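Take a look at the letters that make up each chain.
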Amino acid sequence: MRVLKSYCDKQISTPAKEDETAVCFPDLIASWAFGDGNNNEPLLTNVPSVLAIFLKTISSELEFRDFGIALCKHLLQKDQLRLFNRGLTATKSKEHLISPCLRLLTEIVTFDGGAVARQLYLRRYITFKRMEVFLTPNKAQETEDESHKSTLRRNAQRYLLANLRVQHASEKGDIIEQHKITRAFLEHIRKDPRDTVMEIIKAIERDVVQDAGLSRKSKSKFFNRNNLERLVTLYGYDRESDEPNPDGVFIANEIHRIMMNICKTAGLGVLLPETGWYPVGTDPETLPADDDACIELGLDSPIYVDKYRESVPVRNGSLSFLIQCLRPDVDSLQIELLVTIFKVAPELVADFFTRKTMFISDPKATPSWMAESAFLFSTVQLPVPANCGWKDKQPILPPPVSIAIENILPRPLSQKIMTRCLNQNAEIITLFAVRILTLAFTKLRAVLKLFQGEHGQGQLFWNQASSKLLAEFSRRCPSIKDVVLLFRRTDKEDLQQQEAVAELLTCYYEVMPDIALEENFDVSLVLVDVLKRLEDKDVGADDSESLLSQLQSLLQIAQQSASLRWWQKPTNMQYSPFTSILKVLMDTADKDSSRRISTLLKTVLVENSILQSSPHAFASVLTSLENSEPEALHHQLVFFDNCVSRVAKKPVHYIDMLDSLSKDESGTASALVAVIVEQWPFVVKSGDESTEAAVGSWIASLLGNLKHAGESTNVLKAARDALVESTETK
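Before going into details, it helps to say that this report is about the structure given with it. In this text, all values refer to a predicted model and were calculated from it rather than measured experimentally.

1. Considerations on the overall build of the protein chain
Thought 1: Helix and strand counts for the protein chain come out as 39 helices and 2 strands.
Thought 2: Over its C-alpha trace the protein chain gives a radius of gyration of 40 Å, far above what one expects of a compact globule, namely 27 Å for 730 residues.
Thought 3: C-alpha atoms of the protein chain, sized along the principal axes, occupy 135 × 70 × 50 Å.
Thought 4: When burial is assessed residue by residue, the protein chain has 52% of its 730 residues classed as buried.
Thought 5: A fraction of 74% describes how many contacts in the protein chain between residues 6 or more apart in sequence connect residues 24 or more apart.
Thought 6: In the structure as shown, the protein chain presents an accessible area of about 34,100 Å², 50% of it carried by carbon and sulfur atoms.
Thought 7: For the protein chain, the separation between the mean place of its 84 positive charges and that of its 96 negative charges on side chains is 8 Å.

2. Quick notes on empty space enclosed by the protein
Thought 1: Counted according to the given criterion, the structure contains 1 cavity of 30 Å³ or more.
Thought 2: A volume near 50 Å³ is recorded for the largest cavity.
Thought 3: What lines the largest cavity is Trp-32, Leu-44, Leu-83, Arg-86, Gly-87, Leu-97 and Cys-101.
Thought 4: Listing elements by their share of the lining of the largest cavity, those giving two or more residues are helix 5 (78-88) and helix 6 (95-110).
Thought 5: Of all the elements, helix 5 adds the most residues to the lining of the largest cavity, at 3 residues.

3. Some words on the packing of helix 32 (residues 577-587) against helix 34 (residues 617-626)
Thought 1: Where helix 32 contacts helix 34, the axes come no closer than 11 Å and their chain directions differ by 70°. When the interaxial angle is binned, helix 32 and helix 34 end up roughly perpendicular. Helix 34 is crossed by helix 32, and the crossing has right-handed handedness. Across the interface between the two elements, Leu-582, Leu-585 and Met-586 from helix 32 touch Phe-618, Leu-622, Leu-625 and Glu-626 from helix 34.

4. Considerations on the nonpolar core
Thought 1: Formed by 232 residues in total, the largest nonpolar core has its most connected members in Trp-32, Ile-108, Met-259 and Leu-672.
Thought 2: When residues in this core are grouped by element, the largest group, 13 residues, is from helix 25 (residues 427-451).
Thought 3: The contacts of Met-259, once residues within four sequence positions are left out, are Leu-228, Leu-231, Val-232, Tyr-235, Leu-322 and Leu-337.

5. Considerations on the state of the cysteines
Thought 1: Applying the stated rule across the entire model yields 0 disulfides.
Thought 2: Free of any disulfide, Cys-263 has its nearest cysteine sulfur in Cys-325, 11 Å distant.
Thought 3: Of all cysteine sulfurs in the structure, the one in Cys-507 sits closest to Cys-477, which takes part in no disulfide; the separation is 11 Å.
Thought 4: With relative accessibility at 1%, the residue Cys-477 sits in the buried group.

6. A few points about a negative patch on the surface
Thought 1: Together, Asp-491, Glu-493, Asp-542, Asp-543 and Glu-545 line one region of the surface with negative charge.
Thought 2: Mapping Asp-542 onto the fold places it in helix 31 (residues 541-560).
Thought 3: The class for Asp-542 is exposed, based on a relative accessible area of 60%.

7. Looking at the pattern of salt bridges
Thought 1: This structure, assessed with the given rule, holds 30 salt bridges.
Thought 2: Of the charged contacts in the structure, one is a salt bridge between Asp-351 and Arg-355, with a shortest N-O distance of 3.4 Å. Taken together, the positions of Asp-351 and Arg-355, both in helix 21 (residues 347-355) and 4 residues apart, correspond to about one turn of that helix.
Thought 3: Glu-406 serves as the salt-bridge partner of Arg-476, at 3.0 Å between the closest nitrogen and oxygen.

8. Concerning the environment of Val-604
Thought 1: Positionally, Val-604 belongs in helix 33 (residues 591-607).
Thought 2: Judged by relative accessible area, which is 4%, Val-604 ranks as buried.
Thought 3: When the C-alpha atoms of Val-604 and Gln-559 are compared, they prove to be 7.6 Å apart, with 45 residues separating the residues in sequence.
Thought 4: For Val-604, the contacting residues outside a window of four places in its chain are Trp-566, Trp-567 and Phe-578.

9. Focus: the side chain of Glu-372
Thought 1: Tracing the sequence through the fold places Glu-372 in helix 22 (residues 367-380).
Thought 2: The buried charged residue Glu-372 lacks any salt bridge partner; its closest oppositely charged side chain belongs to Arg-327, at an N-O distance of 7.3 Å.
Thought 3: With sequence-adjacent residues up to four places away left out, Glu-372 is seen in contact with Pro-328, Asp-329, Met-358 and Phe-359.

10. Section: unusual backbone geometry
Thought 1: In the Ramachandran plot, Cys-388 falls in the positive-phi region, its phi being about 55° despite a non-glycine side chain.
Thought 2: Within the secondary structure layout, Cys-388 lies in the loop between helix 22 and helix 23 (401-408).
Thought 3: One non-glycine residue, Lys-391, lies in positive phi territory at about 40°.
Thought 4: Tracing the sequence through the fold places Lys-391 in the loop between helix 22 and helix 23.

11. A short note on the packing of aromatic side chains
Thought 1: Taken as a whole and judged by the stated rule, the model has 26 aromatic pairs.
Thought 2: Relative to Trp-369, the ring of Phe-359 has its centre 5.1 Å away and its plane inclined at 25°; by these criteria the two rings are stacked. Of the two residues, Phe-359 sits in the loop between helix 21 and helix 22 while Trp-369 sits in helix 22, which places them 10 residues apart along the sequence. In this structure, Phe-359 and Trp-369 share a single accessibility class: buried.
Thought 3: An aromatic cluster is built from Tyr-7, Phe-25, Phe-54 and Phe-67, whose rings are joined through pairwise contacts.

12. Section: helix 38 (residues 689-708)
Thought 1: If you check helix 38, its first and last C-alpha atoms are 29 Å apart, about what 20 residues at 1.5 Å a residue would give, namely 28 Å.
Thought 2: Three or more residues of helix 38 are buried, namely Thr-691, Glu-692, Ala-694, Val-695, Trp-698, Ile-699, Leu-702, Leu-703, Asn-705 and Leu-706. Buried residues of helix 38 fall within an arc of 165° about the axis and therefore sit on the same side. Projecting away from the buried face of helix 38 at angles above 90 degrees are the exposed residues Glu-689, Ala-700 and His-708.

13. Some remarks on the packing of helix 35 (residues 630-649) against helix 37 (residues 671-686)
Thought 1: Interhelical geometry of helix 35 versus helix 37 gives an angle of 125° and a closest axis separation of 9 Å. When the axis of helix 35 is compared with that of helix 37, the two are oblique. Taken as a pair, helix 35 and helix 37 cross one another with a handedness that is right-handed. The segment helix 35 lies against helix 37, with Phe-639, Phe-640, Asn-642, Cys-643, Val-644, Arg-646 and Val-647 engaging Ala-671, Leu-672, Val-675, Ile-676, Glu-678, Gln-679, Trp-680 and Val-683.
Thought 2: A breakdown of the residues in the contact of helix 35 with helix 37 according to their chemical character gives 11 nonpolar, 2 polar and 2 charged.

14. A look at the environment of Thr-438
Thought 1: In this fold, Thr-438 is placed in helix 25.
Thought 2: Looking at Thr-438, the relative accessible area reads 8%, which means it is buried.
Thought 3: Thr-438 has contacts with Ala-500, Glu-503, Leu-504 and Cys-507, leaving out every residue within four places of it along the chain.
Thought 4: Within the structure, the side chain of Thr-438 is placed 2.8 Å from the backbone oxygen of Val-434, a separation counted as a polar contact.

15. Regarding helix 34
Thought 1: In terms of burial, helix 34 is a largely internal element, 7 of the 10 residues being buried.
Thought 2: Of the positions making up helix 34, those classed as buried are Ala-617, Phe-618, Ser-620, Val-621, Leu-622, Ser-624 and Leu-625.

16. Some thoughts on the side chain of His-635
Thought 1: Mapping His-635 onto the fold places it in helix 35.
Thought 2: There is a polar contact of 3.4 Å between the side chain of His-635 and the side chain of Thr-691.
Thought 3: Apart from the residues within four sequence positions on either side, His-635 is in contact with Ser-690, Thr-691, Ala-694 and Val-695.

What counts and how
Residues numbered from 1 in each chain as written. Predicted model: local features only at pLDDT ≥ 70, side-chain atom pairs only at ≥ 80, totals over all residues. Heavy atoms only, no water. Helix = DSSP H or I, 4+ residues; strand = E, 2+ residues; numbered from the N terminus. Rg over C-alpha atoms; globule rule 2.2 N^0.38 Å. Buried < 20%, exposed > 50% of the residue type's maximum accessible area, 1.4 Å probe, protein only. Contact = heavy atoms within 4.5 Å. Areas by Shrake-Rupley, 256 points an atom, 1.4 Å probe, with all protein chains shown as cover. Lys, Arg positive; Asp, Glu negative; His and termini not counted. Charge placed at Lys NZ, Arg CZ, Asp CG, Glu CD. 1 Å grid on protein atoms, 1.4 Å probe; cavity = no way out; pocket = protein on both sides within 12 Å on 5 of 7 lines; lining within 4 Å. Points joined across faces, edges and corners; volume = space filled by probe spheres on them. Axes fitted to C-alpha atoms, helices over the stretch in contact; angles between N-to-C directions. Parallel < 35°, antiparallel > 145°, perpendicular 65-115°, else oblique. Left-handed = near helix turned anticlockwise from the far one by under 90°. Core = buried A, V, L, I, M, F, W, Y, C linked by side-chain atoms within 4.5 Å. Disulfide = S-S within 2.5 Å. Patch = residues over 30% accessible without salt bridge, like charges linked within 9 Å, V, L, I, M, F, W, Y side chains within 5 Å. Salt bridge = Lys/Arg side-chain N within 4 Å of Asp/Glu carboxyl O. Phe/Tyr/Trp six-rings, centres within 6.5 Å; stacked < 30°, edge-to-face > 60°. Expected span 1.5 Å × (residues − 1). Arc of directions from axis to C-beta. Nonpolar A, V, L, I, M, F, W, Y, C, P; charged D, E, K, R; others polar. Polar contact = N/O pair within 3.5 Å; in protein donor to acceptor, adjacent residues only side chain to side chain.

Right, here's the structure in full:
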C-alpha cells in the first residue's frame, strides 16, 4: 500500500485556482478519452473497471481519503462526464460498456460515506441517465439462471441502493419520487437472486421506512400501488425459488415485517386517516331540516337510500388496491397483514368484501378452504371501532347498515354456505361454522347495544338502523331449525361440538328471540341428560367442564323458551329438572358456572311466585341444604321438589294460604312457606322417622334463613306454630 500511496501522490496535480479540482490519473483518463475517440471498446470497458476497483480498494484506507475524494470530484467534471455518457448511452445489449460505468458511479457515490454524493446527483442528467432501462432485465435474463452472475440489472440495482444509502433526504426523496425508476427497480424483484432481494428489503427498511428525514409525500410515492403489489409478490418467493437458503432467513418473513409496519403506521406514507364505518362523503353530524308538512320517515326516506351494497368509497386507495392483491387462501402471513389492515382502517372491510369473491368452493377441509375460513374468522373477531370509527365522538346518524353487516357477518358467509357447512359430516367444517356464527352473534349483540343506546335527536335513525341490521343478519345466518337439527345429530360423546352448538343456540334465543321461538325446541330432555352425566362419578374434569358450559347454555335457552317443563319429573330421574339443576349447583366448584346458574334458578323461582324477589331469598334455600348428609339431602330434595312444583301449578292458592296464616300487613313471605305448612303433615303421617328428621331439620333451617333474609316474622312464626302442631298431633 505504501508503493500505491507513493504512486498516487505522483498522479495528482494541485489546481491553479481554488474553484478548480485536482487532476488525478491524467494518463489513465487520457486512455479512456482515447478509447472514446477511437471507439476502442476494450479501453472503454477496462479503464472504468480499473478505476472502480481502485476506489473500492482504497475506500477502507484512511491515508487515501484525500486522494480518493479528489479523484471522485475529478471524475465528475465535464470532460469525464462525457466519457460516462458514452458508456451509459450504449446499446443495452452492450452490457460490457454500461456495467463498468455503473460500478464506477457506485464507488464514487459511496466513497467516504457519500462525500461527493450530492455533487454526483447534481449531474443526474448524466449519472442517472436511462436508469429505468438498465433496471429492466432482458428477456433472456428473465429465463436464465443468473443467481451468481453479474448482470446489468444487478449493477443498476446496486447503484440505486448506494444512492438510497448515502444521499441526503432531499436528493433521496427526489430519487424515490421518480416513478419510472422505482417501478423498474421493483418490477421483477421476484426473479432476482435471494441475496439481492434480501439487500433490497433491508435497504427499503433502513433507507426509506426508518429515515425520519424523508417526507411523508416521498414515502407515499415510493409505496405506490404498483410498488406495493410488487413487494407483496415476495410472500411467495420461498415457495417458488429453488435457490439454496444456507442462512435459513425467509424472504416472506422479512417482507412481512416491513409490510406490517408501513400498513399500520400513519407516518410512513400508506395509511391515511379514515372514518371507519362511515364512507367518504357522508356527513353523520347533520340532520335534515324539520318540515312540519312532511312525515318523518327516518332511514326510509329517499335521502338515506343505502347505496353502499356494491361499492364503498374509501380514503385509503393504496391499501384498498393492496388488499385485493393479497392471497389469504395460500399464506398465513398474508392473512395477518390483511387483518391488521382491517384493524387500523375499518373502512376497508366492506370495501374488500364488495369487490372480492371468495369462499365459493364446496366446504372441504382443503388447505385453501381452511386458510380462507381462518381469515374470515379473524375478520369477524375484530372489535367494533369506537363510535363506529367516527372521529372522537358519537355522531347523530348511524353508519349504513350495508357496511355494518359486512363487518359482522361478511357476505362470503352467506346463509347458503353456512347451512351447507352445518350439514357437513366433517367435524372441523361444522365446528368452524358454529364458532364463527357464535362470534358473529356476539359482535352483533355489541353493535345492537351501541345502536340502541341514547342518541338524542337521532334516536329514530339509530332505532331503525338496529331493526334493519337485525333483519339483514337474519337473512344471512342459517335458520335455527338447521342448528337444532345439528344439535340433535351431534354424538353425545362429542362434548366439544355439543358445547359449541348449545352456545350458538343460546345466541339465537337471546339476540333473535322472535325467530328462535318459532322453532319448538324442548330443551328439558337434553337438560335431564346433561344433569345425569354430571352426576356420574366417573366423569373426568375436562368432560365435567364441558358439560357445565353446555348446561349454562341450555339454561339460558330454557329461560327464554316457553316450552320447557321445569316441574315435570321424568320417569328415569329422581327429581324434576329444576331440582336436579339445583343439586348440580350445590355440587359444582366452578364459581362462574355457579353464579350464572344461581341467577337463572332464582329468576325461575321468582317468576313462578315460589320465592320473594328479595336479594337473599334464594340464598336462604341454598344455605339450608348445604350441610346435609347425602341420605338426608335426598329426602329434603324430594320434599322440596314436591313443594315447588305444587306452587308453580297453583301460585294463587298458596299466596292466599299465606294471608290465612297471619294477618300481618307489614311484611310478606314466600309462597314456599305456605306449601311447606300444607305438605308437612303428610311427611309426619308417613311414619318414616329418618325422612321426618331430615325434612324437619331442613324446614327449621330454611325458616331461620328466611327470617334473616327479611321476610315477615309474624308469617314465619305462624308457620312454625302450624308445623309444631302437626307434629304433636300425629
